[in-house]
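Observations on the three-dimensional arrangement
Residues per chain, in single letters:
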Amino acid sequence: MTMHYQQHAKEVVSRFERMLSKEQVEGITQEHFDELEILITAALGVVYSEVSHKAAKSLEEMASALRHQANEVD
């Protein structure tokens, strides 16, 4: 999954770089663009983790409710 984040991060950094003027790009080293890519990748990972946790929690609550309903029918 990390490769997926890295590809998105590369695209975001590339888009950002295209938004800058030639002078601005010349003032930023490749190392800075690489760091930005790492930060974006990490941020995407955190968001994915939080969304996955919320989805799992919702599924757990739904499963619990279904078990409760099934016990009432028995």
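So, here's what we can say about the structure. Position numbers for residues count from 1 along each chain, tracking the sequence in the order it is written. The predicted origin of the model limits local features to residues at a pLDDT of at least 70 and limits the giving and counting of side-chain atom pairs to 80 or more, whereas totals for whole chains, interfaces and linings rest on all residues. Based on all heavy atoms of the structure, the side-chain values leave hydrogens and waters out of the count.

**Observations concerning the overall build of the chain**
The following threshold applies: Here a strand is any run of E in DSSP of at least two residues, a helix any run of H or I of at least four, and the numbering for each starts at the N terminus. What the globule rule says is 2.2 Å times the number of residues to the power 0.38, and the radius of gyration is computed from C-alpha atoms. Buried, partly exposed and exposed residues are distinguished by accessible area as a fraction of the type maximum, computed with a 1.4 Å probe on protein chains only: under 20%, between the cut-offs, and over 50%, respectively. Only the protein chains shown count as cover for residues, and the accessible areas themselves come from Shrake-Rupley with a 1.4 Å probe. In summary, the charge assignment counts Lys and Arg as positive and Asp and Glu as negative, without counting His or the chain termini. Here the site of a charge means atom NZ of a Lys, CZ of an Arg, CG of an Asp or CD of a Glu.
Scanning the chain from N- to C-terminus turns up three helices and zero strands. Secondary structure elements of the chain occur, N-terminal to C-terminal, as α-α-α. Over its C-alpha atoms the chain spans a radius of gyration of 21 Å, topping by over 25% the 11 Å that the globule rule assigns to 74 residues. When burial is assessed residue by residue, the chain has 11% of its 74 residues classed as buried. Of the roughly 6,200 Å² of accessible surface on the chain, a fraction of 60% belongs to carbon and sulfur atoms. Looking at charge distribution, the chain has the averaged site of its 7 positive side-chain charges lying 4 Å from that of its 13 negative ones.

**Considering the pattern of salt bridges**
Rules: By salt bridge we mean one thing: a side-chain nitrogen of Lys or Arg within 4 Å of a carboxyl oxygen of Asp or Glu.
Summed over all chains, the structure comprises one salt bridge. Glu-37 is paired through a salt bridge with Lys-10; the nearest N and O atoms lie 3.2 Å apart. Here Glu-37 is found in helix 3 (residues 30–73), whereas its partner Lys-10 is found in helix 1 (residues 2–19), with 27 residues between them in sequence.

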